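# Residue-level structure breakdown
Take a look at the letters that make up each chain.
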Amino acid sequence: LSDPARGVHRAVLAAFTATGRPPPTAEIDRLIRADGGDPGRVRFELTEADLLAFTPGGEIRAAYPFSPAPTPIRVTWDGGPPGVSAMCAIDPLGMSAMLGRPVTITAAEPDTGRPVTVTVDALQARWAPRTAVVVAGDTGDPGRPSVDRCCGYISFFTTGRAARAWASRHPGITGTVLRRDAAPRLGHHTLR
């Protein structure tokens, strides 16, 4: 990444970590220009790297692992803002390593709303229910950013059976069911 893109990416993640919200568009533009960058080019660079996604007006719509819009996956940690939304089920599993502290993830299973809670400390995770799994789904369109291609299809499920039933109702989504030991490693790898 260019220096302006790297600086904006760090600033956006820091804002989410501190407040649960992205910086305003004008602040992002100010940060880019202060680092000698062009706002349009830097947004394009961050979008191409699939680190951030923007609306046509330049507002952040995805800052992996954080979502500016409410999602069924919420993350809390000591000293953090209350209930930050995550883009998908994989991202928050790596947030403990990213933040250097334990996190608690609360999620609603798609279609049923049944709760799944995961407490993560680095690579150690406690799942409730113990039968919970993650579906890592994808629309199969590699030309689209993650927010449009897969984030809405990477979810927590209370059981493998519930995950497979959901997958059978969504034949256009390809993917796999991740066991509880594999999902935190993938989240850790994604955010490091």
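Our subject in this report is the structure included herewith.

Conventions adopted
Residues numbered from 1 in each chain as written. Predicted model: local features only at pLDDT ≥ 70, side-chain atom pairs only at ≥ 80, totals over all residues. Heavy atoms only, no water. Pairing = 2+ DSSP bridges. Helix = DSSP H or I, 4+ residues; strand = E, 2+ residues; numbered from the N terminus. Axes fitted to C-alpha atoms, helices over the stretch in contact; angles between N-to-C directions. Parallel < 35°, antiparallel > 145°, perpendicular 65-115°, else oblique. Contact = heavy atoms within 4.5 Å. Nonpolar A, V, L, I, M, F, W, Y, C, P; charged D, E, K, R; others polar. Salt bridge = Lys/Arg side-chain N within 4 Å of Asp/Glu carboxyl O.

## Let's talk about the sheet that holds strand β8 (residues 133-138)
Spatial ordering of the open sheet is given by β9-β8-β10, a layout of three strands whose pairing is antiparallel. Every interior strand has two partners, whereas the edge strands, β9 (154-157) and β10 (174-178), have only one. Mean inter-strand twist for the sheet, computed between neighbouring axes without regard to direction, equals 20°. For β8 and β10, the ladder comprises five bridges, and the chain directions are antiparallel. Counted as the bridge partner of A136 is T176 from β10.

## Some thoughts on the packing of helix α2 (residues 25-34) against helix α3 (residues 39-48)
Close contact between α2 and α3 brings their axes to 9 Å; oriented N to C, the two are set at 100°. Considering their axes alone, α2 and α3 lie roughly perpendicular with respect to each other. Contact residues: α2 offers T25, I28, D29, I32 and R33, while α3 offers P39, V42 and R43. For the contact of α2 with α3, a count of residues per class yields four nonpolar, one polar and three charged.

## Thoughts on the pattern of salt bridges
Within this structure, the stated rule accounts for nine salt bridges. Here D3 and R6 are joined by a salt bridge, their closest N and O atoms 3.1 Å apart. Placement of both D3 and R6 in helix α1 (residues 3-19) is noted, with a separation of three residues, approximately one turn of the helix. For R114, the salt bridge goes to E109, with nearest N and O atoms at 2.7 Å. Within this structure, D50, D138 and R149 form a network of salt bridges that share partners.

## Some details on the sheet that holds strand β5 (residues 103-108)
Within the open sheet, the five strands sit side by side as β4-β3-β5-β6-β7. Their pairing is antiparallel. Each having just a single partner strand, β4 (84-85) and β7 (124-128) make up the two edges of the open sheet. The pairing of β5 with strand β6 (residues 115-121) spans six bridges and is antiparallel. By the bridge assignment, A107 is partnered in β6 with V116. Along the sheet face, helix α4 (residues 90-99) touches β3 (73-76), β5, β6 and β7 and points at about 165° away from the line of β5.

Keep in mind these values describe shape, not function.
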